[in-house]
Amino acid sequence: MMLSFCHRLIPNYVCVCFNQPLRFRASGFPRNSLKLSSRQLGMQKSEGAKRLGNQTSDKFKETIHGDPEGGWEKCWEQGLTPWDLKQPTPVILHLQQTDALPRGRALVPGCGTGYDVVAIASPDRYVVGLEISSHAVKKAKELFSSSPNANYFTFLMADFFTWKPTELFDLVYDYTFFCAIEPSMRPAWASRIQDYLKPDGELITLMFPISDHVGGPPYKVSVADYEEVLHPMGFKAISIVDNELAIGPRKGREKLGRWKRSPKLSML
Ligand SMILES: C[S@@+](CC[C@H](N)C(=O)[O-])C[C@H]1O[C@@H](n2cnc3c(N)ncnc32)[C@H](O)[C@@H]1O
């Protein structure tokens, strides 16, 4: 609520990181006012938190760009993980709880600490969380190996772009992986998704951040960016909706897309 309010009032914001979307001009605050409303105080407090978040985000980007080969591992080693919600993503939990996800085998590429992997794992759905970082995998295993549903998921350390699974998947769920990779890798991302899914499998993309900022990660995304790489692979959106359950700072910048391959197109 507060963010969308600010969004409208203060036009020159920059979207800089996963959780701290707005950086305000100092002039956005009343300089000479002695009495600040509690709302204004609240904004000042959260400004401090935002600055800290922005510093982490800047350090994260420096680390990623400083070592394109091992940048993710270094970020995990140094705790530079500004995207990590430390809880399941509300909308995927909601889909799981309302039985609105395909059953069978699911893949979560770039799963981080794996909250979403565990959230959707069940006797009806075996979930593979794939991660390039050994630190992330270790952390995910430490957090979740004694979960009551631990028989229904696994964490694997592998590069999404070169991994060779032994079995195909009924569902691939991508959240904050598409926006984390270099935009030049997006065609390869779509090609791997096609390789990993069964012909009638479903891809669910929680598209974020829908914005017009420059640079990354996270790199900006749009529905058209997904269509550009998925259409040539024969995928069509079966639904695209705003994510009403996005967490506060991401509200208004997420859409949930569900994609399937059209049998006709994939035979072309
Ligand atoms: C922005 S984080 C998102 C993590 C998780 N999806 C979340 O929302 O918390 C992107 C993750 O992708 C992982 N990653 C980056 N490149 C990868 C690759 N080629 N294969 C597998 N994982 C990769 C990183 O280590 C990082 O944990």
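Refer to the preceding data block for the structure.
About the criteria used
- Residues numbered from 1 in each chain as written.
- Predicted model: local features only at pLDDT ≥ 70, side-chain atom pairs only at ≥ 80, totals over all residues.
- Heavy atoms only, no water.
- Buried < 20%, exposed > 50% of the residue type's maximum accessible area, 1.4 Å probe, protein only.
- Helix = DSSP H or I, 4+ residues; strand = E, 2+ residues; numbered from the N terminus.
- Arc of directions from axis to C-beta.
- Contact = heavy atoms within 4.5 Å.
- Salt bridge = Lys/Arg side-chain N within 4 Å of Asp/Glu carboxyl O.
- Axes fitted to C-alpha atoms, helices over the stretch in contact; angles between N-to-C directions.
- Parallel < 35°, antiparallel > 145°, perpendicular 65-115°, else oblique.
- Left-handed = near helix turned anticlockwise from the far one by under 90°.
- Nonpolar A, V, L, I, M, F, W, Y, C, P; charged D, E, K, R; others polar.
- Near = heavy atom within 4 Å.
- Polar contact = N/O pair within 3.5 Å; in protein donor to acceptor, adjacent residues only side chain to side chain.
- Areas by Shrake-Rupley, 256 points an atom, 1.4 Å probe, with all protein chains shown as cover.
- Core = buried A, V, L, I, M, F, W, Y, C linked by side-chain atoms within 4.5 Å.

Which parts of the structure should I look at to understand helix H6 (residues 134–144)?
The periodicity of an α-helix, 3.6 residues per turn, causes residues three or four places apart in sequence to face the same way. For H6, the set of buried residues is Ala-136, Val-137, Ala-140 and Phe-144. The buried residues of H6 occupy one face: seen down the axis, they fall within an arc of 100°. Along H6, the residues that are exposed and aim more than 90 degrees away from the buried face are Lys-138 and Glu-142. Among the structural elements, helix H3 (71–77), helix H5 (115–120), strand S2 (125–131) and strand S3 (153–157) are those in contact with the buried residues of H6.

Explain the pattern of salt bridges here, please?
Taken as a whole and judged by the stated rule, the model has ten salt bridges. With its nearest N and O atoms 3.5 Å apart, the salt bridge here joins Arg-186 to Asp-225. On the criterion of sequence distance, the pair formed by Arg-186 in helix H7 (residues 186–196) and Asp-225 in helix H8 (residues 223–230) is long-range, its members being 39 residues apart. On the basis of relative accessible area, Arg-186 is assigned to the buried category, the value being 7%. Given the relative accessible area of 21%, Asp-225 is considered partly exposed.

Explanation requested: the packing of H7 against H8 in the structure shown.
Relative placement of two packed helices is described by the angle separating their axes and the distance separating the axes. Two numbers describe how H7 lies on H8: the axes approach to 8 Å, and their chain directions differ by 60°. On the basis of their axis angle, the class for H7 and H8 is oblique. The chirality of how H7 crosses H8 is right-handed. Between H7 and H8, the residues in contact are Arg-186, Pro-187, Trp-189 and Ala-190 and Asp-225, Tyr-226, Val-229 and Leu-230, respectively. Of the residues assigned to the contact of H7 with H8, the class counts are six nonpolar, no polar and two charged.

In this structure, what is going on with the site of the ligand? I would like to understand it.
As a structural note, the neighbourhood of the ligand is formed by 18 residues, with Gly-110, Glu-131, Asp-159, Phe-160 and Thr-176 the closest of them. A distance of 2.9 Å is found between a nitrogen atom of the ligand and a backbone nitrogen or oxygen belonging to Phe-160. Thr-176 is positioned such that a nitrogen or oxygen atom in its side chain is 2.7 Å from an oxygen atom of the ligand. With the chains in place, 94% of the 590 Å² that the ligand exposes on its own is no longer accessible. Taken together, the residues of the shell around the ligand break down into twelve nonpolar, four polar and two charged.

What is the right way to look at the nonpolar core in this model?
With 28 residues, the main nonpolar core has Trp-189, Leu-203 and Leu-230 as its most contacted residues. Counting only elements with at least two residues in this core, the list comes to S2, strand S4 (169–175), H7, strand S5 (197–207) and H8. Apart from residues lying up to four places away in sequence, Trp-189 is in contact with Phe-160, Phe-161, Asp-174, Phe-177, Phe-178, Ile-181, Leu-203, Thr-205, Tyr-226, Val-229 and Leu-230.

I'm lost on helix H4 (residues 90–97) in this one. Help?
Within the sequence span of H4, burial applies to Val-91, Ile-92 and Leu-95. End-on view of H4: buried residues confined to an arc of 100°, all on one side of the axis.

What should I look at first to understand unusual backbone geometry in this one?
With the exception of glycine, the majority of residues adopt a negative phi angle, and the majority of peptide bonds are in the trans configuration. Of note, the bond from Phe-208 into Pro-209 is cis; its omega dihedral lies within 30 degrees of zero at -5°. Mapped onto the elements of the fold, Pro-209 is located in the loop between S5 and H8. Cis geometry is found at the peptide bond from Pro-217 to Pro-218, where omega equals 0°. Take Pro-218: it is sitting in the loop between S5 and H8. One non-glycine residue, Thr-176, adopts positive backbone phi at about 55°. Its location among the elements puts Thr-176 in the loop between S4 and H7. Taking relative accessible area as the criterion, Thr-176 reaches 16% and is therefore assigned buried.

Shape is all these values report; function is a separate question.
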